[in-house]
Amino acid sequence: MPITSVTSDADTLSLTVVGDYPVPVQRLWAAYADPRQLERFWGPEQWPATFTRHDMTPGGRSEYHMTGPDGATSRGWWRFLAVEPPHRFEVEDGFSDDQGRPNDKMPSMRISFAFEPTPTGSRLVSVTHFPSLESMEQLTKMGMIEGMRSALGQLDAVLAEPAPSAA
């Protein structure tokens, strides 16, 4: 598993995930830029994701749903705040209701993804910023940390394949 650290910090209301991968930054970026690759690792293993929209431009949106083993779905969205290929992007991340509208009963958060070269490949640093300690605790209790570990644990298999030429 490429995740080298997961750090939760209640003082800064943040969760930082670091992963190291034996591929160039451009290949790691391509896995996030291509929705067909992204959906292979965004959801936890038992809750695979399907992206129905992925407009990776500033102001663009992504919409997705994850489907559990019993057929239940959980919907989410990203609003792209910044996109600097192949180095970083930042999104507002939230939950959606069954019609795809933002679910105001659940907290949204800001997530930054940074892609850095290393001597052996590349590093992903993902930092999630929560709006409050209550939100952070709520999402942690819902299994966010375990879900991220499971989801990103699938990234190795995606990166082992050549990037599609359209990515």
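This text follows the structure it describes.
Below: a short report on this structure.

Rules used throughout
- Residues numbered from 1 in each chain as written.
- Predicted model: local features only at pLDDT ≥ 70, side-chain atom pairs only at ≥ 80, totals over all residues.
- Heavy atoms only, no water.
- Helix = DSSP H or I, 4+ residues; strand = E, 2+ residues; numbered from the N terminus.
- Contact = heavy atoms within 4.5 Å.
- Salt bridge = Lys/Arg side-chain N within 4 Å of Asp/Glu carboxyl O.
- Buried < 20%, exposed > 50% of the residue type's maximum accessible area, 1.4 Å probe, protein only.
- Phe/Tyr/Trp six-rings, centres within 6.5 Å; stacked < 30°, edge-to-face > 60°.

### Description of the environment of Glu-45
Then, number 1: The residue Glu-45 is located in the loop between α2 (35-38) and β3 (49-54) in this model.
Then, number 2: C-alpha separation for the pair Glu-45 and Ala-151, spaced 106 residues apart in sequence, amounts to 6.1 Å.
Then, number 3: If sequence neighbours within four positions are ignored, Glu-45 has contacts with Ser-150 and Gln-154.

### What about the pattern of salt bridges?
Then, number 1: Enumeration over the complete set of coordinates arrives at 10 salt bridges.
Then, number 2: As a salt-bridge pair, Arg-79 and Glu-92 come within 2.8 Å of each other at their nearest N and O atoms. Of this pair, Arg-79 sits in strand β5 (residues 73-84) while Glu-92 sits in strand β6 (residues 88-96); the two residues are 13 residues apart in sequence, bridging distant segments of the chain.
Then, number 3: Taking relative accessible area as the criterion, Arg-79 reaches 35% and is therefore assigned partly exposed.
Then, number 4: Across the pair Arg-101 and Asp-97 runs a salt bridge whose closest N-O atoms are separated by 3.2 Å.
Then, number 5: Salt bridges sharing partners connect three or more residues here, namely Glu-84, Arg-88, Glu-90 and Arg-110.

### A closer look at the packing of aromatic side chains
Then, number 1: In total, this model carries 17 aromatic pairs according to the counting rule given.
Then, number 2: Geometrically, the ring pair formed by Tyr-32 and Phe-41 is edge-to-face, given 5.0 Å between the ring centres and 75° between the ring planes. Both residues of the pair, Tyr-32 and Phe-41, belong to the buried class.
Then, number 3: Each residue in the set Trp-29, Tyr-32, Phe-41, Trp-42, Phe-51, Tyr-64, Trp-78, Phe-80, Phe-89, Phe-113 and Phe-115 is aromatic and connected to the rest through ring pairs, giving one cluster.

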